[in-house]
Amino acid sequence: MKITFGILAHVDAGKTTFSEQILYREGVIRALGRVDAKNACMDHDDIERARGITIFSDMAGFTHGDDTYYLIDTPGHTDFSAEMERVLEIMDYAVLMINGSDGIQGHTEAIWSLLERYNIPVFLFINKLDVISASYERVLSEVREHFSCNILDFQDISLRKGCEGALPDDFIENVSEWDESLLYEWLNGTITFEDLRPAVVSQIKNRQLFPCFGGCALNGEGIQAFLETFYCFTEASYPVSAPFSGRVFKIRYDGHGERMTYLKILSGFLNVRDSLLTDEKVHQIRIFLGERYTALQKASAGDVVAVTGLRTTRAGQGLGECCDAAVPVLQPTLQAKVLYPPEVPDRTILQMFYILEEEEPALSVVWEESLRQLKVNIMGKIQLEVLEQVILDRFQIKVAFGQPEIIYTETIDEPVTGYGHFEPLRHYAEVALRIEPNERGKGILFESQCHVDRLGINYQNLVRTHVFETIHKGVLTGSELTDVKIVLVDGISHIKHTEGGDFREAVYRAIRQGLMKARSVLLEPYYSYTISIPDHLTGRVLNDITRYFGRFEAPVPDGSGRTVIRGLGPVASFMNYGEELMIKTGGKGSISMVFSHYDLCHNQDEVLNHYQYNPNEDTDNPSCSVFCQKGTSFVVNWDHAEEYMHTLR
């Protein structure tokens, strides 16, 4: 078998230390590394070692018996959670680590939701039980209450031949819930390990059972018990005889500037010199162990490798028979302006950031030509500090960033029909698009209700393409349009004069014309937060949450003199609350915040006044239409365009 598993957790839960223990016990490394000693195998980047946190996902392959395992250590800090999410696409199993003192944090909940969304089987490990304030039983109860009642204590369960009679009742009840025959065999004293194993393997794989362990990764306590169960009850199968397919999960450039495409082979074989894309061949296949690698001539289904020679791959892309693309859930909520020395050419800076965007697609580099201004999307302020250091180390250019601003989006709250006409001399296209509000988080959807007798299917497909090929700007702040359904209701082409680009112009203008008439609303990002504070400060913190336009659930005392508060709050008002909370509580309070969703902006008028955006002056996004009469083209403004539309005659 070949199994890929990832270690995931909130920051400082001990992921890298846990990974080191596994690699040491499997003979992959000769000595245990430590994060604080800056010698961990999986945190080999200089910036990671300097900061003592995992920033980049790293991989190590090893064998156990006849099987191959690929261990992936992922970032725990929320600022680098996009890197963590990309790796989920290739995982067979996940190990979710939880700090035995802190319990569930906001980012822990976000990780659990992602694991649920990607349908990944999960093992849990409650770490740092050597700390006085830690409690395995308390955290186990907490995760069962918040995550799943099928999280089962595996600490004292001996799943070996000859020990079947000592299995606890709750284990048998849980396992037999999905297979009643096991309960009958257990009651009759005839149950065997051979009967149990397939059922447990199946239930773990189908997310019906989540084994939970505890210990201390630093001193190795509980690691062996976890590994024995993990190796026994995990399975994966990838078809070697099928045609090649693979999933890209990361792009990186090595120290020599060599572009590496990290991918998991889902089926078939991959050989050096194979052509995966047009005019792009695999030059080298590498299997990594931290920063070291072994070069192979051939890899097969189930392997996780890095290949060189591919120039246009991107994270999330499917290769070969896997032709779909992964769409991430997590998204940046902040945007910052790049400040760079005036003597550095714009082209140089752009090329540099496009390389960084290949490695971190969530940066979404934006160049505004009219302002000669470069902006990047970020998850948080720590990411900016790391970016500054990365750019200095790799490109020897010192950059800074402006104050991060919120990334707003726009939508509409009632249906509207927009019309676009593009008819300069010897060109012709017209479309009518109904724009409807859609559910939050659904993005843009498309549907055609136009008969092919009215507009040919080839042109309808062009309309669909043009709807999705660009970011459409709203008319309130010029922010991205989202959460709408665009319906093609009518369209006209010309038998001689219509070209493909004509429908692009017509579609863009129709969407814009519709938005000019619509009742648009501004959306802002919201954090899901978890606050832990001393009991006596609860009232003060609840007042803060209300003052910052947040919402909260009923506070929950943890029985040890502290209270936990969970809720939602606008990123705009909460992004600096962590520092304020530390000051107010004298360092005794903590807050964990992760992106939750976009919703109605709590201070829309204030934001609009700040942006002062005038859609009529945005020449890159015209709402007018172009008509032709007696061999002369003329432009009609959006508010009079319908008087000239041919579809309305």
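Quick look at the structure, then. (Residues numbered from 1 in each chain as written. Predicted model: local features only at pLDDT ≥ 70, side-chain atom pairs only at ≥ 80, totals over all residues. Heavy atoms only, no water.)

### Observations concerning the overall build of the protein
Now for step 1: A count of helical and extended segments in the protein gives 17 helices and 35 strands.
Now for step 2: Each principal axis of the C-alpha atoms in the protein carries an extent, and together these give about 95 × 65 × 60 Å.
Now for step 3: For the protein, buried positions account for 55% of its 649 residues.
Now for step 4: At a minimum sequence separation of 6, the contacts of the protein that also span at least 24 residues come to 73%.
Now for step 5: Accessible area for the protein stands at about 28900 Å²; split by element, carbon and sulfur atoms hold 49% of it.
Now for step 6: For the protein, the centre of its 60 positive side-chain charges and the centre of its 92 negative side-chain charges are spaced 5 Å apart. (Helix = DSSP H or I, 4+ residues; strand = E, 2+ residues; numbered from the N terminus. Buried < 20%, exposed > 50% of the residue type's maximum accessible area, 1.4 Å probe, protein only. Contact = heavy atoms within 4.5 Å. Areas by Shrake-Rupley, 256 points an atom, 1.4 Å probe, with all protein chains shown as cover. Lys, Arg positive; Asp, Glu negative; His and termini not counted. Charge placed at Lys NZ, Arg CZ, Asp CG, Glu CD.)

### Topic: the pairing of strand 35 (residues 632–636)
Now for step 1: Relative to strand 35, strand 34 (residues 625–629) runs antiparallel, the two being bridged by five bridges. Across the sheet, the residue bridging to Val626 is Val635, located in strand 35.
Now for step 2: What sits between strand 34 and strand 35 in their antiparallel hairpin is a turn of two residues, with Lys630 showing a positive phi close to 55°. (Pairing = 2+ DSSP bridges.)

### Concerning unusual backbone geometry
Now for step 1: In the Ramachandran plot, Ser364 falls in the positive-phi region, its phi being about 45° despite a non-glycine side chain.
Now for step 2: With respect to the helices, strands and loops of the structure, Ser364 is situated in the loop between helix 10 (346–359) and strand 19 (366–368).
Now for step 3: Backbone geometry places Arg426, a non-glycine residue, at a positive phi of 65°.
Now for step 4: Within the element layout of this structure, Arg426 appears in the loop between strand 24 (416–422) and strand 25 (429–437).

### Examining the pattern of salt bridges
Now for step 1: Throughout the structure, instances matching the rule amount to 28 salt bridges.
Now for step 2: Between Glu89 and Arg247 there is a salt bridge, and its shortest N-O distance comes to 3.5 Å. Of this pair, Glu89 sits in the loop between helix 3 (81–88) and strand 4 (93–99) while Arg247 sits in strand 8 (residues 245–253); the two residues are 158 residues apart in sequence, bridging distant segments of the chain.
Now for step 3: Given a relative accessible area of 28%, Glu89 falls into the partly exposed group.
Now for step 4: For Arg247, a relative accessible area of 7% puts it in the buried group. (Salt bridge = Lys/Arg side-chain N within 4 Å of Asp/Glu carboxyl O.)

### Things to note about the packing of aromatic side chains
Now for step 1: Per the counting criterion, the structure on display carries 32 aromatic pairs.
Now for step 2: Between Trp112 and Phe147, the aromatic rings sit 4.7 Å apart at their centres with planes inclined by 5°, giving stacked as the arrangement. With Trp112 in helix 4 (residues 106–117) and Phe147 in the loop between helix 5 (136–146) and strand 6 (151–153), this residue pair connects regions lying 35 residues apart in the sequence. With respect to class, Trp112 is no different from Phe147; both count as buried.
Now for step 3: Summarising the aromatic geometry, the rings of Phe154 and Phe213 are spaced 5.9 Å apart at their centres and angled 55° between planes, so their arrangement reads as tilted. Of this pair, Phe154 sits in the loop between strand 6 and helix 6 (169–176) while Phe213 sits in strand 7 (residues 210–214), and the two are 59 residues apart along the sequence.
Now for step 4: By way of ring pairs, the aromatic residues Phe5, Phe18, Phe62, Tyr69, Tyr93, Phe123, Phe125, Phe154, Phe213, Phe226, Phe230 and Tyr231 are connected into one cluster.
Now for step 5: A cation sits over an aromatic face here: Arg547 above Tyr548, 4.6 Å from the ring centre. (Phe/Tyr/Trp six-rings, centres within 6.5 Å; stacked < 30°, edge-to-face > 60°. Lys NZ or Arg CZ within 6 Å of the ring centre and 35° of its normal.)

### Quick notes on the environment of Pro525
Now for step 1: Mapped onto the fold, Pro525 is located in strand 29 (residues 520–534).
Now for step 2: Under the relative-accessibility criterion, Pro525 is labelled buried at 0%.
Now for step 3: Each C-alpha atom of the pair Pro525 and Asp544 lies 19 Å from the other, and the pair is 19 residues apart in sequence.
Now for step 4: Setting aside chain neighbours within four positions, we find Pro525 in contact with Thr333, Ile406, Ile407, Gly569, Pro570, Val571, Phe595, His597 and Tyr598.

### Remarks on the packing of helix 6 against helix 8 (residues 193–205)
Now for step 1: Contact geometry for helix 6 and helix 8: axes closest at 10 Å, N-to-C directions at 70°. When the interaxial angle is binned, helix 6 and helix 8 end up roughly perpendicular. As helix 6 packs across helix 8, the resulting crossing turns out to be left-handed. Here Phe171, Asn174 and Val175 of helix 6 lie close against helix 8, whose contacting residues are Leu196, Ala199, Val200 and Gln203.
Now for step 2: Residues of the contact of helix 6 with helix 8, tallied by class, amount to five nonpolar, two polar and no charged. (Axes fitted to C-alpha atoms, helices over the stretch in contact; angles between N-to-C directions. Parallel < 35°, antiparallel > 145°, perpendicular 65-115°, else oblique. Left-handed = near helix turned anticlockwise from the far one by under 90°. Nonpolar A, V, L, I, M, F, W, Y, C, P; charged D, E, K, R; others polar.)

### Some remarks on the side chain of Thr313
Now for step 1: As for its position among the elements, Thr313 is in the loop between strand 16 (304–308) and strand 17 (318–320).
Now for step 2: Side-chain polar atoms of Thr313 contact the side chain of Thr261, separated by 2.7 Å.
Now for step 3: The residues touching Thr313, leaving out its near neighbours within four places in the chain, are Ile251, Arg259, Thr261, Leu277 and Leu319. (Polar contact = N/O pair within 3.5 Å; in protein donor to acceptor, adjacent residues only side chain to side chain.)

### A closer look at the state of the cysteines
One way to say it: the disulfide is the covalent bond shared by the sulfur atoms of two cysteines.
Now for step 1: Tallying each qualifying case throughout the model produces zero disulfides.
Now for step 2: Among the cysteines around Cys628, which has no disulfide bond, Cys624 carries the closest sulfur, lying 15 Å off. (Disulfide = S-S within 2.5 Å.)

This is a description of form; function is not addressed.
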